[in-house]
Each structure stands twice: as C-alpha cells, then as structure tokens.
Amino acid sequence: MEETLIYAHRGSKGTHPENTLIAFEHAIHLGVDGIELDVHLSKDGHLIVIHDETVDRTTNGTGYIRDLTLTEIKRLDAGSWFSTEYEGEQVPTLSEVLELMKNTTLYLNIEIKADIIPYENIEEKILQAIRDSDFDEKRIIISSFNHYSVAKFKKLAPNIETAILFMEILLDPWEYAKTVGATSLHVYEPVAFTETAHEALKNNFPVRTFTVNNKNHMRALMEQNISAIMTDYPKEALTIRSELKKKETGT
Ligand code: G3P
Ligand code: MG
C-alpha cells in the first residue's frame, strides 16, 4: 500500500487566507504532496480561484464572481479579512497558480465549482489554461460535485485524472464513477471511515477525503491507508505522517 498523500486544502486554509498565492506558497514550502483549490468564472470569462460564489466572505468587496470583471476582482483585498498581516493579498487566477506550481512536483486538484452556478464552458477554459501553462498533466486532478462537469472534462481530456466529489455513504460508488468517466473518489470525511471507502480501496479506486483537521482522524485515516487527506493544517498532517513512519520502521 502506498502512503497517504497530504493535500493542502485551499492552500493552508487554517493558517493563511484561503485560496491565495501566499497560502499556496506556504504549502509548497512545507513540502505537501498536493494542493486543492476552487475555481469560478468571472463576468469576462477568467478563471478565478476562490471558494464561494461571491467575494463577500473572503475579500473586502461584495458581489457574485460572475458579475465582476477580472480587473474589479483584482482590486480587492483577499488577505485582511483573515489577518492584517496578509493585507493586499489578491484573489488569484488559475493561470497564476499553475505558473507558481508548474516547476514543483506537487499534484494540483482543481475543483470546478459548477454545482450552484453553471458556468458556460468552464471545463474548456480550465483545460486551455492547463495546456497554455505547460503544466504536467499527470499532476492534475479535476473534481466537482457537479458530475456532468466531471464527465464533460473527461471527454475533453481523457488522459487527465478526474474525481467525483460526494458527501454520502454510497453503494459501490466506483461503479457509478466509471459511468461518469472518473477514476477516483473525493469523499466527505465521515464517508472515509465507512465501507464505501474501504471497498473502493479494495477495488483499487483511489479515495481522497476532505476536510481532515482533527489530528486523531488524520492518524486513523493514514493507518487505514486512505489515498490522500485534504487538510487546512498540512503542517500537522506532515508531522503525524512522519511520526507514524518512524514508529513503523522503529527509528
Ligand atoms: O475538494 C474537496 C473540498 O474542497 C470540497 O468542499 O466546499 O471545501 O470546496 P469545499
Ligand atoms: Mg474545494
């Protein structure tokens, strides 16, 4: 069994303003295996890295991403709401993050936030951004709660890994995932402790789980060889993984 990989959720969301370049830089510096981020589309068709449909919670502005232009979004402060230490941090575009990460060995999990607002052709735009950046496609994982979006992306780029996101304890979800064209499961943390996850792993279907912030849960999931955990506290997860490794090798 391979070791559990550690993905920084929205960057290092617990210690830095989520989905900002400084949060991603910090995660890279820590030595995580991957980064998860969320993508929406602006009024003028740019791929915006942000979690919510609006800028209200994570910037000093207001409004829906789909009603704002990139220039308007770039004027916003995405750091101060978290701490004055991060004042002036901007909302990044997907291309900026691809540029930041392309010379690393990290995986990048791009979550397409098309489950509330259907953004026209967001899948084509994401693929174009990946190709334009020359990012190694083997290090990309596309996921969404909108499985139509996952299926569409898979058709556009059959060689890029795709995952279905879900919150429930499903029966044989890997069989369903195959009909979508997905090759891995991204599950809500409680599901990772159930038969759904155990059976998927037995069927050689990678299972990555979000959002694991409790240290005991991190340890338990690593002990059951879950494929990856996504956490807001990647530093803690890295420490726990190396402690477990030491215990295993008796060093
Ligand atoms: O992609 C995993 C996780 O990020 C899904 O939930 O709401 O944090 O984007 P959310
Ligand atoms: Mg997400």
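No experiment lies behind these values; they were computed from the predicted model shown.

Describing the packing of aromatic side chains
- This model, assessed by the stated rule, comprises 5 aromatic pairs.
- Both rings, one in Tyr188 and one in Phe210, keep their centres 6.1 Å apart while their planes meet at 40 degrees; by these two values the pair is tilted. With a gap of 22 residues between them, Tyr188 in strand S7 (residues 184-188) and Phe210 in strand S8 (residues 207-210) connect regions that are remote in the sequence.
- On the basis of relative accessible area, Tyr188 is assigned to the partly exposed category, the value being 36%.
- What links up through ring pairs into an aromatic cluster is the set Trp81, Phe82 and Tyr86.
- Between the NZ or CZ atom of Arg66 and the centre of the ring of Tyr64, over which it lies, the distance is 5.6 Å.
- Above the ring of Phe135, the side-chain terminus of Arg139 is found at 4.4 Å from the ring centroid.

Concerning the UniProt feature "domain: GP-PDE" (unreviewed entry) in the chain
- The UniProt record marks residues 4-241 with the feature "domain: GP-PDE" (unreviewed entry), using the residue numbering of this structure.
- With 34% helix and 19% strand, residues 4-241 has end C-alpha atoms that lie 8 Å from one another.

A few points about the coordination of the magnesium ion (ligand 2)
- Note on the magnesium ion (ligand 2): its protein donors are Glu36 (OE), Asp38 (OD) and Glu111 (OE). The metal-donor distances range over 1.9 to 2.1 Å.
- The sequence pattern formed by the donor residues of the magnesium ion (ligand 2) is E-x1-D-x72-E. Taken together, the residues span a long stretch of sequence, with Asp38 in strand S2 (residues 34-41) and Glu111 in strand S4 (residues 107-112) at a distance of 73 residues.

Observations concerning the site of ligand 1
- Around ligand 1 lies a shell formed by His9, Arg10, Glu36, Asp38, His51, Glu111, Lys113, Phe145, Leu165, Phe210 and Met230.
- His51 places a side-chain nitrogen or oxygen 2.7 Å from an oxygen atom of ligand 1.
- A distance of 2.8 Å is found between an oxygen atom of ligand 1 and a side-chain nitrogen or oxygen belonging to Glu111.
- Tallied by class, the residues present in the shell around ligand 1 amount to 4 nonpolar, 2 polar and 5 charged.

So, the pattern of salt bridges
- Counted according to the given criterion, the structure contains 20 salt bridges.
- In this structure, Lys13 and Asp232 form a salt bridge, with 3.8 Å as the shortest nitrogen-oxygen distance. One end of the pair, Lys13, is in the loop between strand S1 (5-9) and helix H1 (21-30); the other, Asp232, is in the loop between strand S9 (228-231) and helix H10 (234-249), and 219 residues separate them in sequence.
- For Lys13, a relative accessible area of 24% puts it in the partly exposed group.
- Taking the shortest distance from any N to any O, the salt bridge between Arg57 and Asp52 comes out at 2.8 Å.
- Taking the relative accessible area as the measure of exposure, Asp52 reaches 17% and is therefore buried.
- Through salt bridges with shared partners, a single network forms among Arg10, Glu18, Asp38, Asp52, Arg57, Glu111 and Lys113.

Reading the values: the criteria
Every chain is numbered independently, its residues counted from 1 as its sequence is written. Following the order in which they are written, the chains are lettered starting with A and the ligands numbered starting with 1. Only residues with pLDDT of at least 70 are given local features in this predicted model, and only at 80 or more are side-chain atom pairs given and counted; all residues enter the totals for whole chains, interfaces and linings. Side-chain numbers here rest on the full set of heavy atoms in the structure, without hydrogens or water. Stacked, edge-to-face and tilted are the three classes for Phe, Tyr and Trp ring pairs, Trp counted by its six-membered ring, which pair at centre distances within 6.5 Å; planes under 30 degrees apart are stacked, over 60 edge-to-face, the rest tilted. Helix numbering and strand numbering both begin at the N terminus, where a helix is a DSSP run of H or I of at least 4 residues and a strand a DSSP run of E of at least 2. Throughout, exposure labels follow a simple rule: accessible area from a 1.4 Å probe, protein chains only, divided by the maximum for the residue type, with under 20% read as buried, over 50% as exposed, and the rest as partly exposed. Two thresholds decide whether a charge sits over a ring: the Lys NZ or Arg CZ must be within 6 Å of the ring centre and within 35 degrees of the ring normal. UniProt positions are given in the numbering used here, feature names are shortened, and annotations may be inferred rather than shown by experiment. Think of the donor list as every N, O and S atom within 2.8 Å of the metal, or within 3.2 Å for Na, K and Ca; water never makes the list, so a site can look incomplete. Nearness of a residue to a molecule or strand requires only that one of the residue's heavy atoms be within 4 Å of it. Within 3.5 Å is the distance limit for a polar contact, defined as a pair of N or O atoms, with the added protein rule that one can donate a hydrogen and the other accept it, and that residues adjacent in sequence qualify only through two side-chain atoms. For this classification, Asp, Glu, Lys and Arg are treated as charged, while Ala, Val, Leu, Ile, Met, Phe, Trp, Tyr, Cys and Pro are nonpolar and the rest, including Gly, are polar. Any carboxyl oxygen of Asp or Glu that lies within 4 Å of a side-chain nitrogen of Lys or Arg is treated as forming a salt bridge with it.

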